[in-house]
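Given next are the chains, with one letter for each unit.
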Amino acid sequence: MNKTLVLVDIQNDFVSGGALAVPQGELVVPIANRIMGRFDRIVATQDWHPANHGSFASQYPEGQVGDFIDLNGIQQILWPDHCVQHSEGAAFVAELDMARVERVFQKGTDSGVDSYSGFFDNGHRLATGLDEFLTDAGVTGITVMGLATDYCIKATVLDALQLGYAVDVILEGVRGVEGQTGDAANAIEAMADAGANMVHAADL
Ligand code: VGL
Ligand code: ZN
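Residue positions are counted from 1 within each chain, in the order its sequence is given. Labels are handed out in written order, letters beginning with A for the chains and numbers beginning with 1 for the ligands. For a predicted model such as this one, the threshold for reporting local features is a pLDDT of at least 70, and the threshold for listing and counting side-chain atom pairs is 80 or more; totals across whole chains, interfaces and linings nevertheless cover every residue. Calculated side-chain values reflect all of the structure's heavy atoms, with hydrogen atoms and water omitted.

This part is about the pattern of salt bridges. The rule for a salt bridge is simple: a side-chain nitrogen of Lys or Arg has to be within 4 Å of a carboxyl oxygen of Asp or Glu. Scanning all chains against the criterion turns up three salt bridges. A salt bridge links Lys 107 to Asp 9; the shortest N-O distance between them is 2.8 Å. Separated by 98 residues along the polypeptide, Lys 107 in strand S5 (residues 101–107) and Asp 9 in the loop between strand S1 (4–8) and helix H1 (28–35) bring together distant segments of the chain. Take Lys 107 and Asp 9: they sit in the same class, and that class is buried. Members of the salt-bridge network, linked through shared partners, are Asp 9, Asp 47 and Lys 107. Helix numbering and strand numbering both begin at the N terminus, where a helix is a DSSP run of H or I of at least 4 residues and a strand a DSSP run of E of at least 2. Each residue gets one of three labels from its accessible area relative to the maximum for its type: buried under 20%, exposed over 50%, partly exposed in between, using a 1.4 Å probe on protein chains only.

Right, here's the structure in full:
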């Protein structure tokens, strides 16, 4: 068996009290802990930005969170400073059981380009190593959960499908930023349309 769980960005800044808190983001933690035993392999992604990252509104004199800018040719929404390398906000949520997490793939480390997907930056130029790791391990299908549905989950799942993986998404294991009402539901629909399988934790 080769069942692989990919935990996306379950970090302090994305749960209640965090800099970019995803509503009810912390609720995915007990679900992750509960289902880990069903998998042969577990990996995690970690949003890991330099303090001057180009997605931070703080880097622009007139920048407001939620504004769109052009970041080296790619449309970029501006975020509050979050997941700054080595900060408490970038750390994995303390309650998340990391004991069986075999590897962590960091992303967003280049200040000039954001990286929602756990596989590639938003310009699809640099790989994080996740695809190579999974390929080397003979993994052909992954189960994805974590944060946030409408950004990093969606991008990770769409890239995985494009790379040829079979992808299950755990519906109660994801939560969205919901900058606009419906963003999370639209993301779920986009992932399903692209071929992802929507599953419930109880059915694993
Ligand atoms: C994320 C916005 C900015 C995410 C990361 O993990 O979904 N969203 N950086
Ligand atoms: Zn980020």
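What follows deals with H1. Three or more residues of H1 are buried, namely Val 28, Val 29, Ile 31, Ala 32 and Ile 35. The buried residues of H1 occupy an angular sector of 165° when the element is viewed end-on, so they sit on one face. By definition in these notes, contact holds between two residues if any of their heavy atoms fall within 4.5 Å. Residues of H1 that are buried in the fold lie against S1, strand S6 (141–147) and strand S7 (166–175). In this context, the arc is that of the directions from the helix axis out to the C-beta atoms.

What is shown is where atoms sit, not what they do.
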